[in-house]
Amino acid sequence: MVTKQNRILCPICKKTKNKPKDMYCNKHSLAQKSLKKGYEDWLKAYGIMSWDEYIKNILDFGDLLGILVREVVEYELYFKLN
Ligand SMILES: [Zn+2]
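Residues numbered from 1 in each chain as written. Predicted model: local features only at pLDDT ≥ 70, side-chain atom pairs only at ≥ 80, totals over all residues.

## Regarding the overall build of the protein
Here is step 1: Within the protein, the regular secondary structure consists of four helices and zero strands.
Here is step 2: When the helices and strands of the protein are placed in sequence order, the string is α-α-α-α.
Here is step 3: Projected onto its principal axes, the C-alpha coordinates of the protein cover approximately 40 × 25 × 20 Å.
Here is step 4: Residue pairs at least 24 apart in sequence account for 34% of intrachain contacts in the protein once pairs closer than 6 positions are excluded. (Helix = DSSP H or I, 4+ residues; strand = E, 2+ residues; numbered from the N terminus. Contact = placed C-beta atoms within 7 Å.)

## Some words on unusual backbone geometry
Here is step 1: Although it is not a glycine, K14 sits at a positive phi angle of roughly 65°.
Here is step 2: Inspection of the secondary structure assignment puts K14 in the loop between helix 1 (4-8) and helix 2 (26-46).

## Quick word on the nonpolar core
Here is step 1: With ten residues, the main nonpolar core is built from C10, I12, Y24, C25, A31, L35, L68, V69, V72 and V73.
Here is step 2: Of all elements in the fold, only helix 2 and helix 4 (67-81) reach the threshold of two or more residues within this core.
Here is step 3: It is helix 4 that contributes the most residues to this core, four residues altogether.
Here is step 4: With near-sequence residues (within four places) excluded, L68 lies in contact with K27, H28 and A31. (Core = buried A, V, L, I, M, F, W, Y, C linked by C-beta atoms within 7 Å. Buried ≥ 20, exposed ≤ 12 C-beta atoms within 10 Å, placed from the backbone.)

This is how it looks when you write it as structure tokens:
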């Protein structure tokens, strides 16, 4: 169900997004960018890995993972499963 609220609030922390078309709020957008950057570095280093595999693997990094990045990863995994 998509309500007006869903479109303006970050789905992770429920804070207002900068722009409605953004996926997440500022903080989580930044976290997602660093996640994507990490994925590109990973691809350069190890070759082929799907985004899904990457975000599952990255959860094993535990404490090395920033809390915001972890929230984005967990949200994206949840989102894909539902
Ligand atoms: Zn957020």
